Each structure stands twice: as structure tokens, then as C-alpha cells.
2 protein chains.
Amino acid sequence: METESATREQILTAAHTVFLRRGTSGARMQEIAKEAGVNQALLHYYFGTKQALADAVFRAAASNLLPGVFEVVGSALPLDQKIQTVVDRYIGFLRTRPYLPGYLVSELHADPDRAALLLPRPGVAALAALQQQLDAGAENGTLQPIRAEHFLINMVSMIIFPFLIRPMLDVIFGIGSDQFDAYLTERQRSLPGFIRSALRS
Amino acid sequence: METESATREQILTAAHTVFLRRGTSGARMQEIAKEAGVNQALLHYYFGTKQALADAVFRAAASNLLPGVFEVVGSALPLDQKIQTVVDRYIGFLRTRPYLPGYLVSELHADPDRAALLLPRPGVAALAALQQQLDAGAENGTLQPIRAEHFLINMVSMIIFPFLIRPMLDVIFGIGSDQFDAYLTERQRSLPGFIRSALRS
DNA sequence: GTCTATATGCAGATAGAC
DNA sequence: GTCTATCTGCATATAGAC
């Protein structure tokens with residue numbers, strides 16, 4: 001961690017905004033410069049190439065997506081509270097960054113190798129803790145047996161998916177952007193129960 | 001439906017392949033021409049602009065994503081069988097078109113207005129039928145009350161999501177592309193039970 | 001209808017003044 | 001460090017021969 005110049009930060013923030021909306025190949029250096037209130041040449045001065053700038057943004061964005069979840073999942077909380085906490089926090093977080101999921105999926109789709117820029121296996125320990133909890137419930141007959149990988153994916157899918165298909169929600173269900181917020185609130189209330197019920201034997 | 005020239009079809013198929021992998025802004029007309037085994041000028045002869053070609057591909061791709069689901073959901077099958085059928089068919093279908101979800105999400109992210117190219121509200125009737133089924137179960141106490149919109153989204157999320165984050169699965173869970181198929185098969189077996197259980201009261 | 005050759009425009013990147 | 005001006009390359013698109 002070196003001392004970062006204010007201008008550099010300014011550019012990075014602008015780049016974040018533009019790249020998240022347009023994606024790496026759709027973004028224009030000119031637009032980023034304008035957003036940052038500086039000249040385009042300055043972007044190259046600080047970051048060299050567009051690709052380098054895009055990678056910096058991707059790293060930062062990717063590191064934001066999951067860690068909070070593993071923290072909760074790996075904690076000592078009872079299962080029901082883990083579910084409640086993850087759903088609540090995660091939807092709340094994504095409300096403030098609605099473009100993040102679509103951006104990450106787009107980038108990974110265009111260049112799957114970028115997944116390597118994600119932290120390698122950040123959650124093996126957390127996953128093991130979760131699996132233990134699930135196994136205990138299965139043994140005493142209160143829970144259906146399930147692998148932690150599937151359970152986690154199931155939970156996270158239902159949280160993230162609406163953000164990924166937001167424009168479609170309008171066409172399919174008539175949920176316009178003005179009603180999206182209310183729709184999310186409904187999910188925030190109903191999802192924990194849905195997930196808990198799914199686990200019960 | 002006019003008679004389509006063979007060359008035109010050939011180009012459309014090639015375009016489908018390339019656009020699904022690279023996205024509209026990432027795709028190159030040159031690459032499409034090569035894939036189709038024709039000259040680049042011919043693409044313009046048949047489709048005018050890249051954007052027009054991209055739109056044609058998007059329309060075709062989008063019309064493939066959902067209709068099968070609504071057909072099943074709107075049928076007279078009992079709920080359990082609907083779930084089983086949708087999960088099974090949908091995962092089976094996406095196995096043959098693993099890039100489709102990532103492509104559509106990317107395109108919608110880059111240009112949300114494109115959602116308008118989707119068929120408008122194809123499933124209101126199907127949705128109503130499903131809601132009725134859910135309400136009946138809730139009234140006789142066998143099911144938890146839930147809105148059909150949420151239920152459908154929940155089910156579809158869990159089916160599609162793994163395809164959207166496939167490159168991440170390797171990094172997070174160590175599921176490489178060689179193991180992805182087995183992972184899908186596991187989900188195909190376990191998801192219906194998970195979903196049925198979630199609905200039970 | 002299909003090709004080769006070429007025009008056009010634009011975006012990323014550099015040179016160099018201040 | 002920050003700017004203006006410019007180069008370079010590439011991708012879309014067109015012209016025109018066959």
C-alpha cells in the first residue's frame with residue numbers, strides 16, 4: 001500500500017463507474033476521463049493501458065462480491081441466523097451496487113481466465129464449518145442431507161439473480177424499475193423462510 | 001417467414017457462435033466471416049450493419065431462454081411434477097447451450113433497453129395457473145403461501161446461476177471444467193427435492 | 001451473390017509543451 | 001503532473017470487379 005495520489009484515486013473511481021456500466025470492451029477511455037474531470041492522456045500516465053486500468057477495477061470489484069458471505073458462513077452462528085444474516089446483508093449490499101453482479105458476470109463471460117484474479121479458494125474453512133453444521137442436522141434427523149457447495153450456491157443464486165435480470169423483470173412480470181425496490185424488500189422478507197424450509201427434513 | 005438463402009443461414013449460425021462467446025461489442029465481423037467460411041463483405045450484404053446482425057442473434061437467443069418453462073408451468077401437471085420437469089429439462093437444455101445465460105446477461109447489462117426485444121409478457125396465463133396451484137396448497141395447509149413471481153424466480157435462479165459463474169466455481173470450490181458436468185448432474189438430482197421441501201408448510 | 005481492394009472513422013496510445 | 005496535438009492501428013463499412 002503506497003500513498004495514492006488524489007488524482008489517481010479520482011480516475012480509479014471514475015473508471016469503476018464507467019466499467020461497471022459498460023464493461024471492459026464497451027467502455028471508452030474518453031468517457032472515463034470526462035467522468036473523472038481530467039484529460040485522457042492522464043489515464044495512460046497513471047495506468048499505462050486500458051487493459052491495466054480495467055484489471056485494477058475488476059480486482060477491486062471482485063474482492064467486494066463474496067468475502068462478507070464467507071465470514072458469516074464460517075462463523076459460529078446457528079444455521080437459521082446465518083441464513084437470515086446473509087440474505088439480509090447481501091441484498092442490502094447489492095441495493096447499493098446493483099450493477100456489480102451484471103458487471104462481473106459479463107467480464108467473466110467475455111474472458112473466463114479473469115476468474116484467476118479472484119482470491120484463490122477464500123472459503124475452504126468456512127465451507128467446512130457449514131458442512132459440519134449441515135451434517136449434524138442430518139444426523140439428528142432435523143435436516144435433509146445436502147452438500148455445502150450446493151446449499152451455498154442455492155442461497156446465493158436466489159439473492160443475486162434478480163439483479164442480473166432486472167431489465168427482464170419488467171418485460172416478464174411487469175416489475176418496472178420503480179417497483180424493483182419493493183420487489184427486493186419482499187424477497188428480503190420471504191427468502192430466509194424459503195431457504196430454511198428447503199433444508200428441513 | 002420468407003425462404004432463407006443457405007448462405008444467410010450459414011452467416012447467422014456463425015454469428016450466433018461468435019456473439020455468444022464474445023458479446024456484441026467484443027465480437028469482430030472478421031471472425032464471424034471466417035467462422036462462416038465467407039467474406040466479410042457478405043455479412044454487410046445480408047445484414048447491413050453489425051448492430052443489425054447482433055440484434056438478429058439476440059432475438060433468436062432470447063426466444064430460446066424461457067418459453068419452454070412457461071409451457072410446463074402453465075400446464076395441468078401437479079406441482080411436484082412441474083418442478084421435476086422444469087429442473088430436468090432446463091438443466092439438460094443449458095448443458096447444450098452453456099454460453100446462453102452469460103451472453104444474455106451480458107447483453108442486457110450493456111444495453112438494458114434490449115429487454116424490449118423479448119416477447120412482452122409471454123407468461124401471464126401460465127403464471128396465473130401456477131399461482132392458483134400455490135394458493136390451493138396454502139389453503140389446505142400443505143404449502144407455505146408464496147407469490148408465483150418469487151417462486152418462479154427462485155427455481156430458475158438455482159437452475160441458471162451455475163452457468164453464469166462457471167469460471168468462478170473452479171476458483172471457489174475447485175470445480176474445474178472437467179468436473180462441471182458431474183456437478184450439474186448432482187444438481188439435477190438434488191434440486192427438485194430442495195425446491196419441493198422449500199414450499200412445504 | 002461473392003469476391004478483393006479500399007475508404008472512413010474512431011479509440012488507444014504517444015510526443016512533447018507547459 | 002497535466003495538458004494539447006498527433007500518430008497508429010484496427011474494425012466497420014463501401015466501391016466496384018467478376
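Given the structure is predicted, the values throughout are model-derived calculations rather than measurements.

### Brief notes about the overall build of chain A
In terms of helices and strands, chain A carries 11 helices and zero strands. Walking chain A from its N terminus toward its C terminus, one meets helices and strands in the order α-α-α-α-α-α-α-α-α-α-α. Dimensions along the principal axes, computed over C-alpha positions, put chain A at roughly 65 × 40 × 30 Å. Considering only intrachain contacts with a sequence separation of at least 6, the fraction spanning at least 24 residues in chain A is 68%. As displayed, chain A has an accessible area near 9300 Å², and 53% of this comes from carbon and sulfur atoms. In chain A, 19 positive and 19 negative side-chain charges are present, and the distance between their average locations comes to 2 Å.

### Details of the packing of helix α1 (residues 6–26) of chain A against helix α7 (residues 100–110) of chain A
Residues and elements named next belong to chain A. For the pair α1 and α7, interaxial distance at closest approach is 9 Å and the crossing angle is 15 degrees. With respect to α7, the element α1 is oriented roughly parallel. As for how α1 packs across α7, the hand of that crossing is left-handed. Together, Phe 19, Leu 20, Gly 23 and Thr 24 of α1 and Leu 100, Tyr 103 and Glu 107 of α7 make up the contact between the two elements. Classifying every residue of the contact of α1 with α7 by side-chain character gives four nonpolar, two polar and one charged.

About the criteria used
Residues numbered from 1 in each chain as written. Chains lettered and ligands numbered in written order. Predicted model: local features only at pLDDT ≥ 70, side-chain atom pairs only at ≥ 80, totals over all residues. Heavy atoms only, no water. Helix = DSSP H or I, 4+ residues; strand = E, 2+ residues; numbered from the N terminus. Contact = heavy atoms within 4.5 Å. Areas by Shrake-Rupley, 256 points an atom, 1.4 Å probe, with all protein chains shown as cover. Lys, Arg positive; Asp, Glu negative; His and termini not counted. Charge placed at Lys NZ, Arg CZ, Asp CG, Glu CD. Axes fitted to C-alpha atoms, helices over the stretch in contact; angles between N-to-C directions. Parallel < 35°, antiparallel > 145°, perpendicular 65-115°, else oblique. Left-handed = near helix turned anticlockwise from the far one by under 90°. Nonpolar A, V, L, I, M, F, W, Y, C, P; charged D, E, K, R; others polar.

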